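This is what each chain is made of:
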Amino acid sequence: MTKIIHTEKAPAAIGPYVQAVDLGNLVLTSGQIPVNPATGDVPADIVAQARQSLENVKAIIEQAGLQVADIVKTTVFVKDLNDFAAVNAEYERFFKENHHPNFPARSCVEVARLPKDVGLEIEAIAVRK
């Protein structure tokens, strides 16, 4: 049975979708843009945007009763692949800080445009063990 995951600690959906679905053994998040859920602000700096998007993913995963260490796959959409090194460094910091055992599998692709003209969007899949 599919359960809808929602938390006030991540931005509300800005369209006809949910923050995440819990399929029992899998939790799949929608893409998280770097909107601060408390203020609605988007950081200007791509590193801060990466951190905010990851924190939004974390809030959703935790609402589902899981931890960052349970994330097995992410997809990162960036508006400018020239930002890859900076985003990658923040991504690595985030997963190390959150004690991920190995890092999740990941895809990273450049896209023409993202909602609210942000610099990146991140989605995740986590496994309940």
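Numbers given for residues are sequential positions, taken from 1 along each chain in its written order. Local features are withheld for residues below a pLDDT of 70 in this predicted model, meaning they are given only at 70 or higher, and side-chain atom pairs are given and counted only at 80 or more; totals for whole chains, interfaces and linings count all residues. Hydrogens and water molecules were not included; the side-chain quantities draw on all heavy atoms of the structure.

- Going by what an unreviewed UniProt entry lists, the chain is known as Reactive intermediate/imine deaminase and is assigned to Rodentibacter myodis.
- Taken from UniProt, the Sequence similarities (unreviewed entry) comment for the chain reads in full: "Belongs to the RutC family." UniProt positions are given in the numbering used here, feature names are shortened, and annotations may be inferred rather than shown by experiment.

**Examining the packing of aromatic side chains**
- Think of it this way: a Phe, Tyr or Trp ring, Trp meaning its six-membered ring, pairs with another when their centres are within 6.5 Å, and the plane angle makes it stacked under 30 degrees, edge-to-face over 60, tilted otherwise. Taken as a whole, this structure holds 2 aromatic pairs when the rule is applied.
- Pairing Tyr91 with Phe95 gives two aromatic rings, centres 4.7 Å apart and planes at 50°, and the pair type is tilted. Remark: Phe95 and Tyr91 occur in helix α2 (residues 84–97); sequence separation between them is 4 residues, near one turn of the helix.
- Only protein chains enter the area calculation, which uses a 1.4 Å probe; residues under 20% of their type maximum are buried, those over 50% are exposed, and those in between are partly exposed. For Tyr91, a relative accessible area of 5% corresponds to the buried category.
- For Phe95, a relative accessible area of 1% translates into the label buried.
- A ring pair is formed by Phe94 and Phe95, whose centres lie 5.2 Å apart and whose planes are at 90°; its orientation type is edge-to-face. We note that Phe94, like Phe95, is buried.
- Taken together, the ring pairs in this structure connect Tyr91, Phe94 and Phe95 into an aromatic cluster.
- Remark: a charge is flagged as sitting over a ring if the NZ atom of Lys or the CZ atom of Arg is within 6 Å of the ring centre and within 35 degrees of the ring normal. When the ring centre of Tyr91 is taken as origin, the NZ or CZ atom of Arg106, which lies over that ring, is 4.5 Å away. Secondary structure is summarised from DSSP: a helix means a run of H or I of at least four residues, a strand means a run of E of at least two, and numbering begins at the N terminus for each.

**So, the sheet that holds strand β3 (residues 26–29)**
- When DSSP finds two or more bridges between two strands, those strands count as paired. Reading across the sheet, the 6 strands line up as β1-β2-β3-β6-β4-β5 and stay open at both edges, with mixed pairing between neighbours. The outermost strands of the open sheet, each flanked by one partner alone, are β1 (3–5) and β5 (105–110). Averaged over all pairs of adjacent strands, the angle between their axes in this sheet comes to 15°, without regard to strand direction.
- The pairing of β3 with strand β6 (residues 120–127) spans 3 bridges and is antiparallel. Following the sheet pairing, Val27 is matched in β6 by Ala126.
- Only heavy atoms enter the contact rule, under which two residues are in contact if any of them lie within 4.5 Å. What counts as an axis is a line fitted to C-alpha atoms, over the stretch in contact for a helix, and the angles between N-to-C directions run from 0 to 180 degrees. Sheet strands touched by helix α1 (residues 46–63): β1, β2 (20–22), β3, β4 (71–78) and β6. Its angle to β6, the strand with the most contacts, is close to 30°.

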